[in-house]
Amino acid sequence: SGEAGDDEFILLRFDSWAVNVLVPPLLLALVWVVNASPLGFFLKGFQVWMHEFGHAVPSWLTGWRATPLPFGWTPVEQVHSNFVYFGLLLMFGILFVAGAKERKIWPMLAAVALAGLQFWMTWKMGERQKEFWMVAGGVGGEFVLSTLLMLAWWVQLPEKFRWGGCRYVCFFLGAAAFLGIWMRWRDVYRGLEEIPFGSMINGEEDAGGDMNRLMDDYGWKKADIRRNYWLLGKWCWIALGVMWLAFALRLNRVADWVVSRSGAARES
């Protein structure tokens, strides 16, 4: 599936076992050091923005307009927008076609999965469920979206995405956000830090904050909040471990072999 030539810089290659296995742990260690240093201050803005994208992404998938702003606010129009729905669907279609042209199965699978998730969230979910995922998606998105950015490091996207080099930046930023939110909610779970009630703009007394709404509108208790987000963080670690192990055991070669065989069958 599009193996790189021998003259390509090794860190940009997707078929190097050593790169796939050794680089991600080293990047995680580097990010941990940066986060723990004074330089970690410069990553806080991206972590806030990741939270706002956590609100925006489930909103987009349900067909709502949302604008994730980098200063801690995401205005959401909770009415269906064909522009949002079909705009996203077009992007998934482009990703699928680009992957099919280059016989890269992971972009194709991602496009199909995202289109299916979008259909279900838009047409099958009730309004209250949609709103719940938009509210819970703030902190949830910090975990899930940052993990997806790291997982995407291993995925060979079509050439037009110039992913060979960009994936390092995305992994670094994803890891910075993930480690920050994981360590915070680990301390919240252990009782070393308080649940972050309120909102960034209106302060701790804002009854419209995410944690406030989870309790007031959806019946969550403090113990539910602590446990659920801590468990989400653990599952994100497990997903990273499974992805790393799959490439360490070269299981990714199986998918590449299937694609190459199917492509050869069509050509014959």
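Everything here concerns the structure above.
Residues numbered from 1 in each chain as written. Predicted model: local features only at pLDDT ≥ 70, side-chain atom pairs only at ≥ 80, totals over all residues. Heavy atoms only, no water.

### Details of the overall build of the protein chain
Piece 1. Across its full length, the protein chain holds 9 helices and 2 strands.
Piece 2. When the helices and strands of the protein chain are placed in sequence order, the string is α-α-β-β-α-α-α-α-α-α-α.
Piece 3. For the protein chain, whose C-alpha radius of gyration is 20 Å, the value lies close to the compact-globule estimate of 18 Å for 268 residues.
Piece 4. Each of the three principal axes of the protein chain carries a C-alpha extent, and together these read 65 × 45 × 30 Å.
Piece 5. A sequence separation of at least 24 residues applies to 66% of the contacts in the protein chain between residues at least 6 apart.
Piece 6. When the accessible surface of the protein chain is summed, it comes to about 14,700 Å², and 67% of that surface belongs to carbon and sulfur atoms.
Piece 7. Within the protein chain, the 24 negative side-chain charges are centred at a point lying 6 Å from the centre of the 25 positive side-chain charges. (Helix = DSSP H or I, 4+ residues; strand = E, 2+ residues; numbered from the N terminus. Rg over C-alpha atoms; globule rule 2.2 N^0.38 Å. Contact = heavy atoms within 4.5 Å. Areas by Shrake-Rupley, 256 points an atom, 1.4 Å probe, with all protein chains shown as cover. Lys, Arg positive; Asp, Glu negative; His and termini not counted. Charge placed at Lys NZ, Arg CZ, Asp CG, Glu CD.)

### What to know about the side chain of glutamate 142
Piece 1. Along the chain, glutamate 142 turns up in helix H5 (residues 127-151).
Piece 2. In this structure, glutamate 142 is buried with no salt-bridge partner, the nearest side chain bearing the opposite charge being arginine 184 at 6.1 Å.
Piece 3. Residues contacting glutamate 142, with those up to four places away along its chain left out, are Gln47, Met50, His51, Gly137 and Ile181. (Buried < 20%, exposed > 50% of the residue type's maximum accessible area, 1.4 Å probe, protein only. Salt bridge = Lys/Arg side-chain N within 4 Å of Asp/Glu carboxyl O.)

### Things to note about the pattern of salt bridges
Piece 1. Per the stated rule, a full pass over the model turns up 8 salt bridges.
Piece 2. Salt-bridge contacts for arginine 213 lead to glutamate 131; the nearest nitrogen and oxygen are separated by 3.2 Å. With a gap of 82 residues between them, arginine 213 in helix H7 (residues 210-216) and glutamate 131 in helix H5 connect regions that are remote in the sequence.
Piece 3. A salt bridge links aspartate 217 to arginine 213, with the shortest nitrogen-to-oxygen separation between them at 3.2 Å.
Piece 4. Overall, the relative accessible area of 34% leaves aspartate 217 in the partly exposed class.
Piece 5. A single salt-bridge network, built from bridges that share partners, covers Glu131, Arg213 and Asp217.

### Considerations on the nonpolar core
Piece 1. Among the nonpolar cores identified, the biggest contains 39 residues, and Phe143, Trp153, Trp185, Met211, Leu214 and Tyr229 are the most heavily contacted of them.
Piece 2. At the level of elements, helix H1 (17-36), H5, helix H6 (163-190), H7 and helix H8 (222-248) are the ones that each hand at least two residues to this core.
Piece 3. In terms of residues, this core owes the most to one element, H6, which gives 10 residues.
Piece 4. When near neighbours in sequence (up to four residues on either side) are disregarded, phenylalanine 143 contacts Phe178, Ile181, Trp182, Trp185, Tyr229, Leu232, Gly233 and Cys236.
Piece 5. Formed by 5 residues, the second largest nonpolar core is a distinct cluster that contains Leu61, Phe92, Met121 and Met125. (Core = buried A, V, L, I, M, F, W, Y, C linked by side-chain atoms within 4.5 Å.)

### Here's the deal with the packing of aromatic side chains
Piece 1. Evaluated as defined, the whole model comprises 18 aromatic pairs.
Piece 2. Taking 5.1 Å as the distance between ring centres and 90° as the angle between the ring planes, the aromatic pair formed by tyrosine 85 and phenylalanine 86 counts as edge-to-face.
Piece 3. In this structure phenylalanine 86 comes out as partly exposed when scored by relative accessible area, which is 48%.
Piece 4. Centroid distance tryptophan 220 to tyrosine 229: 6.2 Å. Interplanar angle 55°. Geometry classified as tilted.
Piece 5. Ring pairing ties together the aromatic residues Phe132, Trp133, Trp185, Tyr218, Trp220 and Tyr229, which thus form one cluster.
Piece 6. Here arginine 167 stacks its cationic end above the ring of phenylalanine 14, 4.2 Å away from the centre of that ring. (Phe/Tyr/Trp six-rings, centres within 6.5 Å; stacked < 30°, edge-to-face > 60°. Lys NZ or Arg CZ within 6 Å of the ring centre and 35° of its normal.)

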